[in-house]
Amino acid sequence: MTIGSIVVLTGAGISAESGIATFRGPGGLWEGHRVEDVCTPQALARDPALVHRFYDLRRVALAGVEPNAAHRALARLDAAWPGELLIVTQNVDDLHERAGARRLMHMHGELKSALCAACGAREPRGGDLPPGSVCARCGAAALRPDIVFFGEMPYAMDAIDAALAGCDLVVSIGTSGAVYPAAGFVEVARQHGAATLELNLERSQGSARFDASRMGKAATLVPEWVDEMLGAST
């Protein structure tokens, strides 16, 4: 099969090797908090100070980590792949960008961005974002973390669906296979005839849906796979 168009899906596992905590830790907690307390619209309405402070602290932590070999390998693929390529990440960190990736979509939002709940504008935000922060576009005191909370629609789904329908290969890296709609991407791609590959630390809930799976650390598997793809394209 000739591979011209690739969609890469990345999840928490790729950034865990840089020191970023995965979404669900021991006991189902997210960095010491119940997800329901920090990542739902109801949580934001109930305790905005807690939610804003949670993401402020995550921005501080993000400043102390660096892209790893897996991020850098995908950036190398992005720069060198002659066909269509889309990296869809479920992660809200900026490690793909810092590694150099450009053909990239953040389906769950971005940690270093603020969203205006009044007008929908998005603006860069690298520091603290206290409740009541003012939107630069509309002037409303309605900025919130630009994170897709549970119960909200992920970003760019039309563009992602179009890419899945038209690609030759889908590669899933460091994902649990449990969070939808991302967990369903492999089935969408298979329905349109794409080949599918999973690169993961261990078998995921979705492993059986892939044509092939490779188990190991992303920092090892992803550079090896990128070398294979770029070698095959020359």
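Residues numbered from 1 in each chain as written. Predicted model: local features only at pLDDT ≥ 70, side-chain atom pairs only at ≥ 80, totals over all residues. Heavy atoms only, no water.

As named in an unreviewed UniProt entry, the chain is NAD-dependent protein deacylase, taken from Sphingomonas japonica. Heading Subcellular location (unreviewed entry) of the UniProt record for the chain holds this comment: "Cytoplasm". Annotation of the chain in UniProt includes, under Function (unreviewed entry), the sentence "NAD-dependent lysine deacetylase and desuccinylase that specifically removes acetyl and succinyl groups on target proteins. Modulates the activities of several proteins which are inactive in their acylated form." (UniProt positions renumbered as here; feature names shortened; annotations may be inferred.)

A word on the packing of aromatic side chains
Within this structure, the stated rule accounts for 2 aromatic pairs. Here Phe54 and Tyr55 contribute two aromatic rings whose centre-to-centre distance is 5.0 Å and whose plane-to-plane angle is 90°, an arrangement assigned as edge-to-face. Given a relative accessible area of 5%, Phe54 falls into the buried group. On the numbers, 6.3 Å between centres and 35° between planes, the contact of Tyr55 with Phe149 is tilted. Taken together, the residues span a long stretch of sequence, with Tyr55 in helix H4 (residues 48-62) and Phe149 in the loop between strand E6 (143-147) and helix H7 (157-166) at a distance of 94 residues. (Phe/Tyr/Trp six-rings, centres within 6.5 Å; stacked < 30°, edge-to-face > 60°. Buried < 20%, exposed > 50% of the residue type's maximum accessible area, 1.4 Å probe, protein only. Helix = DSSP H or I, 4+ residues; strand = E, 2+ residues; numbered from the N terminus.)

Notes on the sheet that holds strand E2 (residues 85-89)
Spatial ordering of the open sheet is given by E3-E2-E1-E7-E8-E9, a layout of 6 strands whose pairing is parallel. Only two strands of the sheet have a single neighbouring strand rather than two, namely strand E3 (104-106) and strand E9 (212-215). Across this sheet, the average inter-strand angle for adjacent strands is 15°, counted without regard to direction. (Pairing = 2+ DSSP bridges. Axes fitted to C-alpha atoms, helices over the stretch in contact; angles between N-to-C directions.)

Some points on unusual backbone geometry
Trans peptide bonds make up the majority, and among non-glycine residues the majority have a negative phi. Pro181 follows Tyr180 through a cis peptide bond whose omega is 10°. Inspection of the secondary structure assignment puts Pro181 in the loop between strand E7 (169-173) and helix H8 (185-191).

What to know about the pairing of strand E8 (residues 195-200)
Extensive coverage of E8 is indicated by the burial of 6 of its 6 residues. Residues Ala195, Leu197 and Leu199 of E8 are buried on one face, and the alternating residues Thr196, Glu198 and Asn200, pointing to the opposite face, are buried as well. Pairing geometry for E7 and E8, over 5 bridges, is parallel. The residue of E8 that forms the bridge with Val170 is Thr196. Remark: the E7/H8/E8 crossover connection has right-handed handedness. With 4 bridges joining them, E8 and E9 adopt parallel strand pairing. In the sheet register, Asn200 faces E9, and the bridge partner there is Met215. (Right-handed = clockwise from strand over helix to strand, strands pointing away.)

Description of the sheet that holds strand E5 (residues 122-124)
The 3 strands are arranged E5-E4-E6 in an open sheet whose pairing can be described as antiparallel. Where the open sheet ends on each side, the last strands, each with one partner, are E5 and E6. Taking the axes of each pair of neighbouring strands and ignoring which way they run, one obtains an average angle of 45° across the sheet. Inspection of the sheet shows strand E4 (residues 109-116) paired to E5 by 3 bridges, in the antiparallel sense. Looking across to E5, one finds that Leu115 is bridged to Arg122. Of the strands in this sheet, E4 and E6 are in contact with H4, which crosses E4 at around 140°. (Contact = heavy atoms within 4.5 Å.)

Here we look at the UniProt feature "binding site: Zn(2+)" (unreviewed entry) in the chain
Here, the residues flagged by UniProt with the feature "binding site: Zn(2+)" (unreviewed entry) are Cys116, Cys119, Cys135 and Cys138. The largest pairwise C-alpha distance within this set of annotated residues, which runs over 23 residues, is 8.6 Å, so the set is compact in three dimensions. Note on placement: Cys116 falls in strand E4. Excluding its chain neighbours within four sequence positions, the residues that come into contact with Cys116 are Ala121, Cys135, Cys138, Ala142 and Leu143. Take Cys119: its relative accessible area is 27%, and that puts it in the partly exposed class. When sequence neighbours within four positions are dropped, the list of residues in contact with Cys119 reads Cys135, Arg137 and Cys138.

As for the nonpolar core
Counting residues in each nonpolar core, the largest one holds 26 residues, and the members touching the most others are Val8, Leu74, Ile173, Val222 and Trp225. Contributions of two or more residues to this core are made by strand E1 (6-10), helix H5 (69-80), E2, E7, E8 and helix H9 (218-233). A per-element tally of this core places H9 first, with 7 residues. Ignoring sequence-local partners within four residues, the contact set of Val8 consists of Leu74, Leu85, Leu86, Ile87, Val88, Val171, Ile173 and Trp225. If you look at the next biggest cluster of nonpolar residues, it comprises 16 residues, including Cys39, Ala43, Val51 and Phe149. (Core = buried A, V, L, I, M, F, W, Y, C linked by side-chain atoms within 4.5 Å.)

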